Amino acid sequence: YILALLYIDRAMKRHPRLVPDEQSVHRLVLCALMLAAKFQDDTFYANAFYAKVGGLTVKELNKLEITMLRMLDYRLFVNHEEFELYHKMISPAGAAKVML
């Protein structure tokens, strides 16, 4: 989840006109999660699986994937320091939810 959040943040910083709304936010999150899984994991599901889960066509998800990769300039690597920074940012939010 941290990589996906980081990819979304990077995309939004590089492209300030990218403003997700209630019609597009699930596409952005799905695509970021898929890219994170593909980059981080040795085994991952096919795009058809992610498309089905996200309620999209494979064609639409493929297009979103290439668009997001281009938005990120194909830079998916995250160094340890950057990962830890984002991990620390979201950890309090997760801890607060558990406390409820």
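Here's what I pulled together on the structure shown here.

What counts, and where the lines are drawn
Residues numbered from 1 in each chain as written. Predicted model: local features only at pLDDT ≥ 70, side-chain atom pairs only at ≥ 80, totals over all residues. Heavy atoms only, no water. Phe/Tyr/Trp six-rings, centres within 6.5 Å; stacked < 30°, edge-to-face > 60°. Buried < 20%, exposed > 50% of the residue type's maximum accessible area, 1.4 Å probe, protein only. Axes fitted to C-alpha atoms, helices over the stretch in contact; angles between N-to-C directions. Helix = DSSP H or I, 4+ residues; strand = E, 2+ residues; numbered from the N terminus. Parallel < 35°, antiparallel > 145°, perpendicular 65-115°, else oblique. Left-handed = near helix turned anticlockwise from the far one by under 90°. Contact = heavy atoms within 4.5 Å. Nonpolar A, V, L, I, M, F, W, Y, C, P; charged D, E, K, R; others polar.

A few points about the packing of aromatic side chains
- One pass over the structure, following the stated rule, counts three aromatic pairs.
- Seen from their ring centres, Tyr 45 and Tyr 50 are 6.2 Å apart, and the 80° between their planes marks the pair as edge-to-face.
- Seen in terms of ring centroids, Phe 49 and Tyr 50 are 5.8 Å apart; in terms of plane orientation they differ by 75°. Their pairing is edge-to-face.
- A relative accessible area of 11% places Tyr 50 in the buried class.
- Among the aromatic residues, ring-to-ring pairing joins Tyr 45, Phe 49 and Tyr 50 into one connected group.

Remarks on the packing of helix α2 (residues 25-40) against helix α3 (residues 47-54)
- Viewed as axis vectors pointing N to C, α2 and α3 meet at an angle of 150°, and their least axial separation amounts to 11 Å. When the interaxial angle is binned, α2 and α3 end up roughly antiparallel. For the crossing formed where α2 meets α3, the hand is right-handed. Note on element contacts: α3 touches α2 through Asn 47, Tyr 50 and Gly 54, opposite His 26, Leu 30, Met 34, Ala 37 and Lys 38.
- Across the contact of α2 with α3, the residue classes tally to four nonpolar, three polar and one charged.

Overview of the environment of Phe 77
- Secondary-structure assignment places Phe 77 in the loop between α4 (58-71) and α5 (80-99).
- Between the C-alpha atom of Phe 77 and that of Phe 39, which follows or precedes it by 38 residues, the distance is 8.1 Å.
- Other than its neighbours up to four places away in sequence, Phe 77 contacts Arg 10 and Phe 39.

By themselves, these are just geometric observations and shouldn't be taken as functional.
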